[in-house]
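# Per-entry structural report
Each chain, written out:
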Amino acid sequence: MVTEVVLCNRNICRDMAVQSWSNILKSSKKTALIHDGKRKIHYLFTDGKEMAEEYDLKTDELIVRKWRHKSTLGAQGQWQVEVGEPLASPVASLDSDVIKENYSNPVFMRKDIKSSFQWRIRNLPYPKDVFNVSVEPSERCIIIKTSNKKYYKKFNIPDLDRSQLPFDCSALSFTHANNTLIVSYKKPKEILTLEQELLKELKTVKDTAGRDGDCKNGKNRNTRKHFKSSLSCCFANS
């Protein structure tokens, strides 16, 4: 009986955490821009944090998610990518003394699919049996390491942390092809439900850049152009 009560309490706490994050998303101020085959959404939260997402208009798949936080002094921080290609590094001139990253170094990025969280690490030219990929539930992270000690990576899943969902070892899988390690973690049903509900709401957010062509004079067109340019800055890769 005690065990049943404990499990029940855990389930209640888990549901409350998922609902809490859902409420935070719903209460945020959202701005939409439909452009270049993508639905781009900018979120402004009550605590001042910002989140920018991009969805493919045809597949509804998440392409980009990044965050920006203000410093303790109120200054605007740099965008930090959670999902999508890493932000491009500044281009240095040929005679620059700046140390540049070797292009052959492993490149870690997250690229989700509908059913799973997914990470890709390029430039890993080792056979699959060299890799060991495991879940560490107590540390709430995934660890990648190689038997030849050439690569080690430890990372969390922010989506599970935000909703306070437990890690499941059986949800993890990986494959290797074309010098790329692909790690997949099956999304729990709570996340799938949350994503479906959010996407349904995002589709109702009006494209405030006025893509439907409702501007009837030059002044309105210029206002729309300026707004579109400002919002697009949230999604620039550099």
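Residues numbered from 1 in each chain as written. Predicted model: local features only at pLDDT ≥ 70, side-chain atom pairs only at ≥ 80, totals over all residues. Heavy atoms only, no water.

### Describing the overall build of the protein chain
In terms of regular secondary structure, the protein chain is built from four helices and twelve strands. Put simply, the protein chain has 238 residues, and 37% of those count as buried. In the protein chain, of all internal contacts separated by at least 6 residues, the share reaching a separation of at least 24 is 48%. (Helix = DSSP H or I, 4+ residues; strand = E, 2+ residues; numbered from the N terminus. Buried < 20%, exposed > 50% of the residue type's maximum accessible area, 1.4 Å probe, protein only. Contact = heavy atoms within 4.5 Å.)

### Here we look at the sheet that holds strand β11 (residues 172–177)
Spatial ordering of the open sheet is given by β6-β7-β12-β11, a layout of four strands whose pairing is antiparallel. Only two strands of the sheet have a single partner each, and these edge strands are β6 (107–110) and β11. Between one strand and the next, the sheet's axes are offset by a mean angle of 15°, whatever the strand orientation. Pairing of strand β7 (residues 116–122) with strand β12 (residues 180–186), which is carried by six bridges, proceeds in the antiparallel orientation. The residue bridging arginine 120 from the neighbouring strand is isoleucine 182, located in β12. (Pairing = 2+ DSSP bridges. Axes fitted to C-alpha atoms, helices over the stretch in contact; angles between N-to-C directions.)

### Some remarks on the pairing of strand β3 (residues 50–56)
Within β3, six of the seven residues are buried, which leaves it mostly tucked inside the rest of the structure. One ladder, built from seven bridges, connects strand β2 (residues 38–44) with β3; its direction is antiparallel. If you follow isoleucine 41 over to β3, its bridge partner there is glutamate 53. Bridging between β3 and strand β4 (residues 62–68) involves six bridges; their strand directions are antiparallel. In the strand pairing of β4, glutamate 53 is matched with arginine 65. The antiparallel hairpin formed by β3 and β4 contains five residues in its connecting segment, where aspartate 60 sits at a positive phi of about 65°.

### Focus on the pattern of salt bridges
Considering all chains together, one arrives at 18 salt bridges under this definition. One salt bridge connects lysine 49 with aspartate 47, and the closest N-O pair in it is separated by 3.9 Å. Residue glutamate 190 is joined to lysine 189 by a salt bridge in which the shortest nitrogen-to-oxygen separation is 3.6 Å. Because the salt bridges share partners, they merge into one network encompassing Glu53, Arg65, Glu82, Arg110, Asp112, Asp159 and Arg162. (Salt bridge = Lys/Arg side-chain N within 4 Å of Asp/Glu carboxyl O.)

### What about the packing of aromatic side chains?
Going through the model one piece at a time under the given rule, you end up with nine aromatic pairs. When the ring of tyrosine 126 is compared with that of phenylalanine 131, the centres are 6.2 Å apart and the planes differ by 45°; the resulting orientation is tilted. Grouped by ring-pair contacts, the aromatic residues Trp21, Tyr43, Phe45 and Trp67 constitute a single cluster. Of note, lysine 128 hangs over the ring of phenylalanine 174, and the distance from its end group to the ring centre comes to 5.3 Å. (Phe/Tyr/Trp six-rings, centres within 6.5 Å; stacked < 30°, edge-to-face > 60°. Lys NZ or Arg CZ within 6 Å of the ring centre and 35° of its normal.)

### Observations concerning the sheet that holds strand β1 (residues 29–35)
Ordered in space as β1-β2-β3-β4-β5, the five strands form an open sheet in which the pairing is antiparallel. Across the chains shown, the open sheet's two edge strands, defined by having one partner strand only, are β1 and β5 (80–83). Neighbouring strand axes in the sheet, compared pairwise and without regard to direction, differ in orientation by 20° on average.

### Brief notes about the nonpolar core
Ranked by internal contacts, the top residues of the largest apolar core, which has 22 residues, are Ile142, Ile144 and Tyr185. Elements represented by at least two residues in this core include exactly β7, β8 (131–136), β9 (141–146) and β12. Setting aside residues up to four positions removed in sequence, isoleucine 144 forms contacts with Ile121, Phe131, Asn132, Val133, Tyr151, Tyr152, Lys153, Phe155, Leu181 and Val183. With 16 residues, the next largest nonpolar core counts Ile41, Tyr55, Trp67 and Val205 among its residues. (Core = buried A, V, L, I, M, F, W, Y, C linked by side-chain atoms within 4.5 Å.)

### Some remarks on the confidence of the model for the protein chain
Residues at a pLDDT of 70 or more form 75% of the protein chain, whose mean pLDDT is 83. Note that residues 1–8 has pLDDT below 50 and, in this model, zero contacts with residues that lie over four places away or in other chains. Note on residues 212–224: pLDDT is under 50 here. Beyond four places in sequence and across chains, it has seven contacts. (pLDDT = per-residue confidence, 0-100.)

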